[in-house]
Amino acid sequence: MGKLDGKVAFITGAARGQGRAHALRLAQDGADIIAIDLCGPVRSVAYPMPTLADLEQTAKDVEALGRRVVARQADVRDFAGLGKAFQEGVTELGPVQIVVANAGIGAGGVATDDEQWEDVVAVNLTGVWNTGRVAIPQLLELNQGGSIVLTSSTGGLVGVGIPTAGFLGYTAAKHGVVGLMRSWANFLAPYNIRVNSVAPTAVRTPMAGDGNLAKILELAPQLASALTNAMPVDLVEPEDIANAVAWLVSDDARYVTGTVVPVDAGLLNKR
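As the structure is a prediction and not an experimental result, all values here were calculated from the model. (Residues numbered from 1 in each chain as written. Predicted model: local features only at pLDDT ≥ 70, side-chain atom pairs only at ≥ 80, totals over all residues. Heavy atoms only, no water.)

Caption draft 1: Broad picture of the environment of Val110. With respect to the secondary-structure elements, Val110 resides in the loop between β4 (98-101) and α4 (113-142). Exposure remark for Val110: the relative accessible area of 51% places this residue in the exposed category. Placed 65 residues apart in sequence, Val110 and Val45 show a C-alpha to C-alpha distance of 6.8 Å. Not counting residues within four places of it along the chain, the set of residues in contact with Val110 comprises Arg43, Ser44, Val45 and Ala46. (Helix = DSSP H or I, 4+ residues; strand = E, 2+ residues; numbered from the N terminus. Buried < 20%, exposed > 50% of the residue type's maximum accessible area, 1.4 Å probe, protein only. Contact = heavy atoms within 4.5 Å.)

Caption draft 2: Quick look at the nonpolar core. In terms of nonpolar packing, the biggest core is built from 41 residues, with Phe10, Ile34, Val96, Ile105, Ile148, Leu150 and Trp184 touching the most fellow members. Elements with a contribution of two residues or more to this core: β1 (8-12), β2 (32-37), α3 (79-93), β4, α4, β5 (146-151), α5 (165-188) and β6 (193-200). Once you skip the residues sitting within four places of it in the chain, Ile34 turns out to touch Val8, Ala9, Phe10, Ile11, Val70, Ala85, Phe86, Gly89, Val90, Leu93 and Val96. Core analysis: the next-biggest nonpolar cluster, separate from the first, contains 31 residues, Ala15, Leu26, Ala27 and Val236 among them. (Core = buried A, V, L, I, M, F, W, Y, C linked by side-chain atoms within 4.5 Å.)

Caption draft 3: Main features of the packing of aromatic side chains. On inspection of all chains with the given rule, the structure shows 2 aromatic pairs. Ring centres 4.9 Å apart and planes at 75° place the aromatic pair Phe10 and Phe86 in the edge-to-face group. Of this pair, Phe10 sits in strand β1 while Phe86 sits in helix α3, placing them 76 residues apart in sequence. A relative accessible area of 0% means that Phe10 is categorised as buried. The positively charged end of Arg133 is found above the aromatic ring belonging to Phe79, 3.8 Å away from the centroid. When the ring centre of Trp129 is taken as origin, the NZ or CZ atom of Arg133, which lies over that ring, is 3.9 Å away. (Phe/Tyr/Trp six-rings, centres within 6.5 Å; stacked < 30°, edge-to-face > 60°. Lys NZ or Arg CZ within 6 Å of the ring centre and 35° of its normal.)

Okay, here's the thing in structure tokens:
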């Protein structure tokens, strides 16, 4: 028996990286998965974005664990399109009890200041808001409680101090995610719907791994101190974040709400 048997999880940004790790970990615990991803470019993002093949691989990996999955290409910035994908998943798998608003992009550097700001705020903050307003009405209608986890960042708890449009937008958006989490947690607590956030340090995903962290540091060398962990690791693994998410959405954390859980190798404690 898994801790999440009989439950359905709605996960954005699920094609690879943290999102895929969340999908697989929750599937291992018994959940069926609605997996959503843009699977396409964003104008200010320099690193390769996930593809439809990546999303299909996530679906295959979930099915290999014996769980059901609905995978859809959708943009969290598009409320109507996201809602359609969500409803298709619910129609096939049943009502959602778990929401993981994971979709996000790194700070841009290959577009104008306005484009960098608009893209990162639209995906990392508006996309989280859209995910919530797509899923929360169904959770309330179901009236069986539930759990929502929003992906923030250590950059959502401190000021990174890099005065470029992309980094300012990223930091502002991730702070906004924490504000959304706290507001939703208070609103939804009477309905036994818990809302929490995870705050990772740099994670070994295509956003920061595969040499991209070094490229980011070339553009903003002053960021090095802000990304130096207390523990002797430069990057944590996607599975480390997925383990925290799996705990937060399980009954093991049934009275945990309105919190930020850092998975940061001690980075925040150094400040």
